[in-house]
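Spelled out, the chains give:
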Amino acid sequence: MFGGPRGASIIDSLDTLYIMGLKEEYNDAKEWVQTSLDLNSNGEASLFEVNIRYVGGLLSAYYLTGEELFRNKAVELGEKLLPAFNTPTGIPRGVINLGSGTSWSWGWASAGSSILAEFGTLHLEFVHLTELSNNPVYKEKVMNIRKLLNKIEKPHGLYPNFLSPVSGNWVQHHVSIGGLGDSFYEYLIKSYLMSDKTDEDAKTTYYTAMEAIEANLVQKSPGGLTYMAEWRGGILDHKMGHLACFSGGMIGIGADDGAPEKRQHYLDLAAEITHTCHESYDRSTTKLGPEAFRFDSGAEATATRLSDRYYILRPEVIESYMYMWRLTHDPKYRDWGWEAVEALEQHCRVESGFSGIRDVYTLTVSHDNMQQSFFLSETLKYLYLLFSDDDLLSFEDWVFNTEAHPLPIIRKSCLQDEATEEKTVSE
Ligand code: DMJ
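Here the structure is a predicted model, which is why all the values come from computation and not from measurement. (Residues numbered from 1 in each chain as written. Predicted model: local features only at pLDDT ≥ 70, side-chain atom pairs only at ≥ 80, totals over all residues. Heavy atoms only, no water.)

## Some remarks on the overall build of the chain
Here comes step 1: When its secondary structure is counted, the chain shows 15 helices and 17 strands.
Here comes step 2: The C-alpha radius of gyration of the chain comes to 21 Å, within 12% of the 22 Å expected for a compact globule of 427 residues.
Here comes step 3: Principal axes of the C-alpha set define a box for the chain whose edges measure 65 × 50 × 45 Å.
Here comes step 4: For the chain, the share of sequence-separated contacts (at least 6 apart) that also reach a separation of at least 24 residues comes to 67%.
Here comes step 5: Of the roughly 17,200 Å² of accessible surface on the chain, a fraction of 49% belongs to carbon and sulfur atoms.
Here comes step 6: When the 37 basic and 61 acidic side-chain charges of the chain are each reduced to a single mean position, those positions are 3 Å apart. (Helix = DSSP H or I, 4+ residues; strand = E, 2+ residues; numbered from the N terminus. Rg over C-alpha atoms; globule rule 2.2 N^0.38 Å. Contact = heavy atoms within 4.5 Å. Areas by Shrake-Rupley, 256 points an atom, 1.4 Å probe, with all protein chains shown as cover. Lys, Arg positive; Asp, Glu negative; His and termini not counted. Charge placed at Lys NZ, Arg CZ, Asp CG, Glu CD.)

## Here we look at the sheet that holds strand S5 (residues 162-163)
Here comes step 1: The sheet built from three strands is open, its strands ordered S4-S5-S6 with antiparallel pairing. Here the strands that pair on one side only, and so sit at the sheet edges, are strand S4 (114-115) and strand S6 (170-172).
Here comes step 2: Relative to S5, S4 is paired through two bridges, and the arrangement is antiparallel. Bridging from a neighbouring strand, Ser 114 pairs with Leu 163 of S5. (Pairing = 2+ DSSP bridges.)

## Let's talk about the UniProt feature "binding site: Ca(2+)" (unreviewed entry) in the chain
Here comes step 1: In the numbering used here, UniProt assigns the feature "binding site: Ca(2+)" (unreviewed entry) to Thr 402.
Here comes step 2: Inspection of the secondary structure assignment puts Thr 402 in the loop between strand S16 (398-400) and strand S17 (406-408).
Here comes step 3: Classification of Thr 402 by relative accessible area gives buried; the value is 13%.
Here comes step 4: Residues in contact with Thr 402, not counting those within four places in the same chain, are Ile 52, Thr 121, Ser 183, Glu 186, Tyr 187 and Glu 378.
Here comes step 5: A polar side-chain atom of Thr 402 sits 2.9 Å from a polar atom in the side chain of Glu 186. (UniProt positions renumbered as here; feature names shortened; annotations may be inferred. Buried < 20%, exposed > 50% of the residue type's maximum accessible area, 1.4 Å probe, protein only. Polar contact = N/O pair within 3.5 Å; in protein donor to acceptor, adjacent residues only side chain to side chain.)

## Describing the UniProt feature "active site" (unreviewed entry) in the chain
Here comes step 1: The feature "active site" (unreviewed entry), as annotated in UniProt, sits at Glu 49, Asp 182, Glu 291 and Glu 316 in this numbering.
Here comes step 2: Mapped onto the elements, Glu 49 comes out in helix H3 (residues 47-65).
Here comes step 3: According to the relative accessible area criterion, Asp 182 is buried, its value standing at 12%.

## Some words on the sheet that holds strand S11 (residues 235-237)
Here comes step 1: With antiparallel pairing, the three strands of this open sheet are ordered in space as S7-S10-S11. For this open sheet the edge positions go to strand S7 (174-175) and S11, each flanked by a neighbour on one side alone.
Here comes step 2: Taken together, the three bridges between strand S10 (residues 230-232) and S11 define a ladder with antiparallel strand orientation. When the bridges of S11 are listed, Glu 230 appears paired with Asp 237.

## Things to note about H3
Here comes step 1: In this model H3 runs 26 Å from its N-terminal to its C-terminal C-alpha over 19 residues, within 8% of the 27 Å that 1.5 Å per residue would give.
Here comes step 2: At Gly 56, H3 is bent by approximately 25°, the largest bend along its length.
Here comes step 3: Burial analysis of H3 places 17 of its 19 residues in the buried class, which makes it a mostly covered element.
Here comes step 4: Just beyond H3, the residue with positive phi is Gly 66, at close to 75°. (Expected span 1.5 Å × (residues − 1). Bend = angle between axes of the 7 residues up to and from the residue.)

## What about the nonpolar core?
Here comes step 1: Core analysis: the biggest nonpolar cluster contains 131 residues, and Tyr 185, Met 240 and Ile 251 have the highest contact counts within it.
Here comes step 2: Ranked by residue count, the leading element in this core is H3, at eleven residues.
Here comes step 3: Membership of the second largest hydrophobic core comes to five residues, among which are Val 95, Ala 109, Ile 115 and Phe 162. (Core = buried A, V, L, I, M, F, W, Y, C linked by side-chain atoms within 4.5 Å.)

## A closer look at the packing of helix H12 (residues 316-328) against helix H13 (residues 332-348)
Here comes step 1: It is at 9 Å that the axes of H12 and H13 come closest, and there the two elements cross at 155°. Taken together, the axes of H12 and H13 are roughly antiparallel relative to one another. Viewed along their axes, H12 and H13 form a crossing whose handedness is left-handed. Mapping the contact onto sequence places Ile 318, Tyr 321, Met 324, Trp 325 and Thr 328 in H12 and Tyr 333, Arg 334, Trp 336, Gly 337 and Ala 340 in H13. (Axes fitted to C-alpha atoms, helices over the stretch in contact; angles between N-to-C directions. Parallel < 35°, antiparallel > 145°, perpendicular 65-115°, else oblique. Left-handed = near helix turned anticlockwise from the far one by under 90°.)

## Some remarks on helix H11 (residues 263-282)
Because each turn of an α-helix spans 3.6 residues, side chains separated by three or four positions end up pointing in the same direction.
Here comes step 1: Here H11 is 20 residues long and its end C-alpha atoms lie 28 Å apart, about the 28 Å a rise of 1.5 Å per residue gives.
Here comes step 2: Turning to H11, its buried residues are Tyr 266, Leu 267, Leu 269, Ala 270, Ile 273, Thr 274, Thr 276, Cys 277, His 278, Glu 279, Ser 280 and Tyr 281.

## Digging into a negative patch on the surface
Here comes step 1: A surface patch of like charges, here negative, comprises Glu 24, Glu 25, Asp 28 and Glu 31.
Here comes step 2: With respect to the element layout, Glu 24 can be found in helix H2 (residues 23-36).
Here comes step 3: Judged by its relative accessible area of 63%, Glu 24 falls in the exposed class. (Patch = residues over 30% accessible without salt bridge, like charges linked within 9 Å, V, L, I, M, F, W, Y side chains within 5 Å. Salt bridge = Lys/Arg side-chain N within 4 Å of Asp/Glu carboxyl O.)

## Brief notes about the side chain of Thr 16
Here comes step 1: Of note, Thr 16 is situated in helix H1 (residues 8-19).
Here comes step 2: The contact partners of Thr 16, leaving out residues within four places of it in the chain, are Leu 376, Ser 377 and Lys 381.

Pasting the structure below:
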């Protein structure tokens, strides 16, 4: 689906298998990594997808199991991603050939631009690559991206989805919490949390961005549903993508660290968005949600276009149930998760696994014959965590990357030691 080495499902599911205690399957997967993972594959690989699925998957596998094999592979792969950053601004291009090291921009991205959700979703993994390799280069690359984004002017405080890696300017004024923008915002609050709450810059950027999002994108439908619209140069498109449903969980985990008087406000907003996303499932015939749902022409959380009616085993709605369950322990989130389990079993299970479906509004199900690797890394893991005790991968110790790969919080004491080391070296 996105180029890159073979074996996406194996790498993406290593930590899920391990957490679930599926020892035999985990050992098979580990052996495959040892004997067959080829990191020199030629072809068009997405920097973003390789980072979140492969680097993220290998890092988590290392942190959970302590197996050096995974650490070595993660660092080896990280090195192969570096040529994508060789641009005048240091903003990476979206596509890379791992074999040759050449990189280029997506043909469909206007004027050779890079995508916010792609270059903005590297921070967590790259900070850990520096931790594990003792090579500062990874952290430097992502800090440079942050520096540029801090400097550049933001229309109404918003971050458009397309940026030129050559000039460092926005290419279009399209803003979205769904596809093309989504995980950029997620990585701001998670960078802060993963730094043991020391990365003040990430924190400020997150809450400032949230204020702009609330002022410009958050809407209430005539039927009382709260949703995130998309913004096209000042004009609102009253559509919410399935992808944007991760934001319930994100706003929930960010509630504690903003202004104290806004804590309850953020928790309420997170709950409202999660409720809307549940409605998009509940209003369909299969009880699975469409790829995008609308709030115009009389629609309320339903897809109005044929092309938006599919479901490809995406995790975002279940992800928000899991976060909201841990934050509130309101049993409705487990009930909603169980509804999803039943719908997946009924409509998506096929002989050899699970498949996406072409239309969530018909019971005569048509399968798309595809099981995306994120079904194993995210959808099933979030469901498993939703029904587990809170101390399994506790939020006190772990932050999940955008593909649900757990990464440990880097403790303040380690960060202080590193800062002292850096100071001594520079003296
Ligand atoms: C996943 O690969 C990640 O969650 C990413 O951030 C966007 N969406 C897919 C799953 O829908």
